[in-house]
Amino acid sequence: MPITSVDIELFTFKAGLLARAAHDLKLRAGSVQLEHAPDGRLEAVSIPVASIQVVCAMRGKQEDHRALSAANRAEIEDNLRTRVLDAARHPVIRFDVAAIDPHHIRGTLTLRGRSRPLDARLVRRNDHQTATLRIDQRDFGITPFRAAMGALRIQPEVEVVVTLS
């Protein structure tokens, strides 16, 4: 079955002395562009950094849509684009697909100008496949976000949930 849609959710986790005052976050790539080979095989997935949006705060595994104001979401998105991902210099996140089979997806992730191999296990659910993986920001030269002189910070690992359908 050809892949015609990719949904990407990202989860960040707070840390530090002021972590109780912060929120774990759920983000979503608002725009995902797919490149297919002439035979229909998925070759690449691109995400404009500017399309990544804050969905909500997370309390454990529960979504909390009331915890963040519109101004909070806008500030987080601005910090993500400017301080964390440097969208002015690196406007696109790209995954070049090497292989997809019923159980794995393998390829190269390019984030903020650095490329790293990625291999994720796929799980079939109804009419789609899902991969859940952890990416360490430091592997891509990213210093995890910090505020209040480091008393509030984001953990280096970001959980990424990719749904292929």
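A. The overall build of the protein, seen in detail. Regarding its fold elements, the protein presents 1 helix and 15 strands. Against the 2.2 N^0.38 benchmark of 15 Å for 165 residues, the protein shows a C-alpha radius of gyration of 16 Å, consistent with a compact globule. Along the three orthogonal principal directions, the C-alpha set of the protein runs to about 50 × 35 × 25 Å. The buried share of the protein, taken over its 165 residues, is 42%. Contacts in the protein between residues at least 24 apart in sequence constitute 54% of all its contacts with a sequence separation of at least 6. Looking at charge distribution, the protein has the averaged site of its 24 positive side-chain charges lying 6 Å from that of its 20 negative ones.

B. Representation of the side chain of E159 in the model. Locating E159 in the fold gives a position in strand β15 (residues 157-164). Given a relative accessible area of 16%, E159 falls into the buried group. Not counting chain neighbours up to four residues away, the residues in contact with E159 comprise E9, L10, F11, F13, T132, L133 and R134.

C. Expanded view of the pairing of strand β1 (residues 6-12). A large share of β1 lies buried, amounting to 6 of its 7 residues. Here β1 runs beside β15; their pairing, made up of 6 bridges, is antiparallel. Along β15, the bridge assignment pairs V6 with L164. Examined bridge by bridge, β1 and strand β3 (residues 24-29) share 4 bridges and lie antiparallel to one another. Directly across from F11, in β3, lies its bridge partner K26.

D. Just unusual backbone geometry, in detail. Positive phi, normally seen in glycine, also occurs at D86, with a value near 50 degrees. Residue position: D86 is located in the loop between α1 (70-84) and β8 (92-100). Owing to a relative accessible area of 16%, D86 belongs among the buried residues under this scheme. Phi is positive for N126, which is not a glycine, with a value near 50 degrees. Mapped onto the secondary structure, N126 falls in the loop between β11 (123-125) and β12 (128-136).

E. Representation of the sheet that holds strand β2 (residues 14-15). Read from one edge of the open sheet, 3 strands run β2-β14-β13, paired in antiparallel fashion. Among the strands making up the open sheet, the edge pair consists of β2 and β13 (146-147). Taken together, the 2 bridges between β2 and strand β14 (residues 152-154) define a ladder with antiparallel strand orientation. Residue A15 lies in a different strand from β14, and its bridge partner there is R153.

F. A look at the nonpolar core. Counting 39 residues, the largest nonpolar core has I8, I52, L85, I93 and V160 as its most contacted members. Counting residues per element, this core draws most heavily on β15, which supplies 4 residues. Setting aside residues up to four positions removed in sequence, I93 forms contacts with V45, S46, I47, V49, I52, L85, L109, T110 and L111. Within the second largest apolar cluster, 5 residues are counted, among which are F11, C56, M58 and V161.

Rules behind the numbers
Residues numbered from 1 in each chain as written. Predicted model: local features only at pLDDT ≥ 70, side-chain atom pairs only at ≥ 80, totals over all residues. Heavy atoms only, no water. Helix = DSSP H or I, 4+ residues; strand = E, 2+ residues; numbered from the N terminus. Rg over C-alpha atoms; globule rule 2.2 N^0.38 Å. Buried < 20%, exposed > 50% of the residue type's maximum accessible area, 1.4 Å probe, protein only. Contact = heavy atoms within 4.5 Å. Lys, Arg positive; Asp, Glu negative; His and termini not counted. Charge placed at Lys NZ, Arg CZ, Asp CG, Glu CD. Pairing = 2+ DSSP bridges. Core = buried A, V, L, I, M, F, W, Y, C linked by side-chain atoms within 4.5 Å.

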